[in-house]
Amino acid sequence: MGASPYVQMDKQVLIDQVSILLDGLGIGAYQIAEEGKLGIVVRADAEDVARILKALRSSTELPFEQLIDLFGADVRERIEITYRLRSLMHNIDLVVKCDLPYEDSYSSVGHIYAAAWLPERELCEMFGLSLLNHPNPKRLLTTEGLPPFLRKSTAIRTKEEIWD
Amino acid sequence: MGLNSSQDATSTGSTISDYISRDHEIIDDHEVVSQEDLTEGYINPGWLSPEPPSGITVPRNVNRIADDPLQLCTDHYLLNVGPQHPSTHGALRVVMELDGERIMSGEAHVGQLHRGIEKLAEHRRYHQLATLVDRADYVSGITAETATALAVEQLAEIEVPARAQWLRCLMSEVNRVASHYMWMGPTGLDSGAMGIFLYMQHDREIFLDVLEEMTGQRLMFNYVRPGKVTGDLTPRAEQLLRDYLKIGTQRLQEHWDSLFASELFQVRTQGIGVLTREQALDYGATGFVLRASGVDWDLRRDRPYDAYNQFEFDVMTRTNGDIFDRMVCRLDEVRQSLRIIEQCLDGMPEGPVAARVPKVLRVPEGEACGIVESARGEVGIHIYSDGSDRPLRMRYRPPTLYSLAMAESLLPGMMLADAIVGMGSFDFCFGEVDR
């Protein structure tokens, strides 16, 4: 019964405001919609993501102060990268997604959200991407020479062991 | 007092104690010994080698604080801390560049506990995920299990019985208290207080007994599953908790008096390792780190899950963001957790503790994210489903991975001894960072 001091922003208002913001930046190719259980999702090109995050962070009406999570997923044709942003003032999360082909390079957003420095290193080692614009572009969890573990093409078990 | 007097001492067969007592006699006789006399030449106290090895010049004025600081300039020194250190739950290796005792830079090397939990999860059915996430944050496993269950329930649209929701809240709080005690004791050790560790372990044992009674395990609970919990509240567990609630306030006061009220501890921790509000937001801080830096945010209140919207509790914030505030913030949280536990025991609704969930759960295609307030911050489990009985991808959002970047950024400029306490104050759990 402890009431939250933050009022959750209406989702349609958020969609409208983010659309106005991104149109103002001159970003043409993006989609914004409510996707099932995930909330509001912005899908954009990989090269536009840094500009989008910077605008969302520095906006005065829509300050997304925090990058809560950054990770990738191998969705069998490409690697999908997810940024989960949070606005404390409006008590709402926004998911920004972009796609990267395999063996591509990933450009760091740590200068926008410092939270990204470590997860980016993990993302790039786990999906075999090369990390650009990062002060310490080393592997985070595993040693040199190991395959990118979270790719679907990396098998952790032999065929006989897989019980299906 | 020079070379000759000490040689006299050895030649007459005097012992070390004779030598020292003679030295005292001189001082008792008020013989004025000037600083130049003390440091002139090489003082052979008699029990060391008689002569300095040839070719080695013994520095003059070695015991004096130089007027010119440049005389005491040292080379930068690389120090390896870890990977085994008591202030880290798990294995953390930090390579520090030191100038004297001052840290110039530090880099954390993690991954010693990497087991590939996220990859293994792609080969597990949904009800088997709880065993994996237990082993990520092995000090407070219930919260991670709850996050997994919430994500799967969102996707599969499972309705959880009210009693199961209340039991999840109860066990989360029990585990939160156990985890906070596990952290406060060793942080006392880091800052030089031995006794508090024993008292904290004593209290933690009670909560571990409750967890063992309810789940059968002390750390790897496997208790919260999609749509249910695996066991109902037992009379013994309720009795243990009721007994502790009677003495809880007094015990917290004792912990306060024995550690936090100590001036030595306050001097060691206040104003050190300060994380400002802006830094905390920038580095993605959640949980007690964010609250100690003055941001009033708690997922249990602001994004209520399970039955948390039915409890009365306060969100404890502090303003300074230093080590002391992070400690006090969590002691306050223990008090609030005890309040929630009491409300849980008093108002637990009757009914089943499990929904009817198929043995092989196939969830519809899509994505969902379950977020909970763990003892260390926000744990988020993000699940991609492709419609089969296993997740296409499971992401475990580890709060202490983000804390690690904060601690790294705080290291430059700290003293070495403060850095150990400072890193301890973020409560890393490396099972979680490395997964």
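Note that the structure is a prediction, hence the values are computed from the model and not measured. (Residues numbered from 1 in each chain as written. Chains lettered and ligands numbered in written order. Predicted model: local features only at pLDDT ≥ 70, side-chain atom pairs only at ≥ 80, totals over all residues. Heavy atoms only, no water.)

Undergrad: Which parts of the structure should I look at to understand the overall build of chain A?
TA: The secondary structure content of chain A amounts to three helices and seven strands. Counting helices and strands in the order they occur from the N terminus, chain A gives α-β-β-α-β-β-β-β-α-β. Projected onto the principal axes, the alpha-carbon positions of chain A cover approximately 50 × 40 × 35 Å. In chain A, which comprises 164 residues, the proportion classed as buried is 52%. As displayed, chain A offers around 7600 Å² of accessible surface, 53% of which is attributable to carbon and sulfur atoms. (Helix = DSSP H or I, 4+ residues; strand = E, 2+ residues; numbered from the N terminus. Buried < 20%, exposed > 50% of the residue type's maximum accessible area, 1.4 Å probe, protein only. Areas by Shrake-Rupley, 256 points an atom, 1.4 Å probe, with all protein chains shown as cover.)

Undergrad: Just checking my understanding: could you explain the nonpolar core for this structure?
TA: The nonpolar side chains of a soluble globular protein tend to be buried with one another. Ranked by size, the top nonpolar core spans 168 residues in total, and within it Ile81(A), Tyr83(A), Tyr106(A) and Phe207(B) carry the most contacts. Considering every element that reaches this core, the biggest residue donor is helix α7 (residues 162-190) of chain B, with twelve residues. If we ignore the near neighbours within four places in the chain, the residues touching Tyr83(A) are Val49(A), Leu53(A), Leu67(A), Asp69(A), Leu70(A), Leu94(A), Val95(A), Val96(A), Cys98(A), Tyr106(A) and Val109(A). With five residues, the next largest nonpolar core counts Phe71(A), Val75(A), Tyr384(B) and Leu392(B) among its residues. (Core = buried A, V, L, I, M, F, W, Y, C linked by side-chain atoms within 4.5 Å. Contact = heavy atoms within 4.5 Å.)

Undergrad: Would you mind showing me how to read the interface of chain B and chain A here?
TA: Many structure descriptions define interface size as the accessible area lost when the parts assemble. Each partner contributes to the interface: chain B provides 56 residues, whereas chain A provides 55 residues. Summed over both sides, the interface between chain B and chain A buries roughly 4500 Å², with carbon and sulfur atoms accounting for 52% of that surface. Scanning the region where chain B abuts chain A turns up twelve salt bridges. The partner of Glu378(B) in a salt bridge is Arg86(A), with the nearest N and O atoms 2.7 Å apart. In this structure, the connection of chain B to chain A is made through 28 residue pairs in polar contact (both at pLDDT 80 or more). Sorting elements by how many residues they give to the side of chain B that touches chain A places helix α15 (residues 399-410) of chain B first, with five residues. (Buried area = accessible area lost by both parts, 1.4 Å probe. Salt bridge = Lys/Arg side-chain N within 4 Å of Asp/Glu carboxyl O. Polar contact = N/O pair within 3.5 Å; in protein donor to acceptor, adjacent residues only side chain to side chain.)

Undergrad: Explain the confidence of the model for chain B here, please?
TA: Any region with low pLDDT has predicted coordinates that should not be read closely. All names here are of chain B. Looking at chain B, pLDDT values average 80 and 82% of them are 70 or higher. Confidence drops under pLDDT 50 across residues 56-68; counting only partners more than four residues distant or on other chains, this segment forms ten contacts. For this predicted complex, the interface score ipTM comes out at 0.87, while the overall pTM is 0.80. (pLDDT = per-residue confidence, 0-100.)

Undergrad: How do you make sense of the sheet that holds strand β4 (residues 79-87) of chain A when you look at a structure like this?
TA: Sheet strands line up and pair through hydrogen bonds in the backbone, either parallel or antiparallel. All names here are of chain A. Strand order across the open sheet formed by five strands is β1-β2-β5-β4-β3, with mixed pairing between neighbours. Pairing within the sheet leaves two strands with one partner each, and these edge strands are β1 (30-34) and β3 (66-74). Across the sheet, the axes of successive neighbouring strands diverge by a mean angle of 20 degrees, strand direction being ignored. Note: β1 against strand β2 (residues 40-44), five bridges, orientation antiparallel. Bridged to Ala33 within β2 is Val41. Its contacts with the sheet place helix α3 (residues 117-127) against β3 and β4, and it is angled at close to 0 degrees to β3. (Pairing = 2+ DSSP bridges. Axes fitted to C-alpha atoms, helices over the stretch in contact; angles between N-to-C directions.)

Undergrad: Sorry if this is basic, but what is going on with empty space enclosed by the protein here?
TA: Using a probe with the size of a water molecule, rolled over the atoms, empty space left in the structure can be pinpointed. A complete count under the given rule lists seven cavities of 30 Å³ or more for this structure. Of the volumes computed, that of the largest cavity is approximately 70 Å³. Lining the largest cavity are Glu122(A), Met126(A), Phe149(A), Leu150(A), His114(B), Gly116(B), Ile117(B), Glu118(B), Lys119(B), Asp434(B) and Arg435(B). Contributions of two or more residues to the lining of the largest cavity are made by α3 of chain A together with α4 (117-121) of chain B. Among the elements that line the lining of the largest cavity, the one with the most residues is α4(B), at three residues. Here the residues of the lining of the largest cavity are counted per class, giving four nonpolar, two polar and five charged. (1 Å grid on protein atoms, 1.4 Å probe; cavity = no way out; pocket = protein on both sides within 12 Å on 5 of 7 lines; lining within 4 Å. Points joined across faces, edges and corners; volume = space filled by probe spheres on them. Nonpolar A, V, L, I, M, F, W, Y, C, P; charged D, E, K, R; others polar.)

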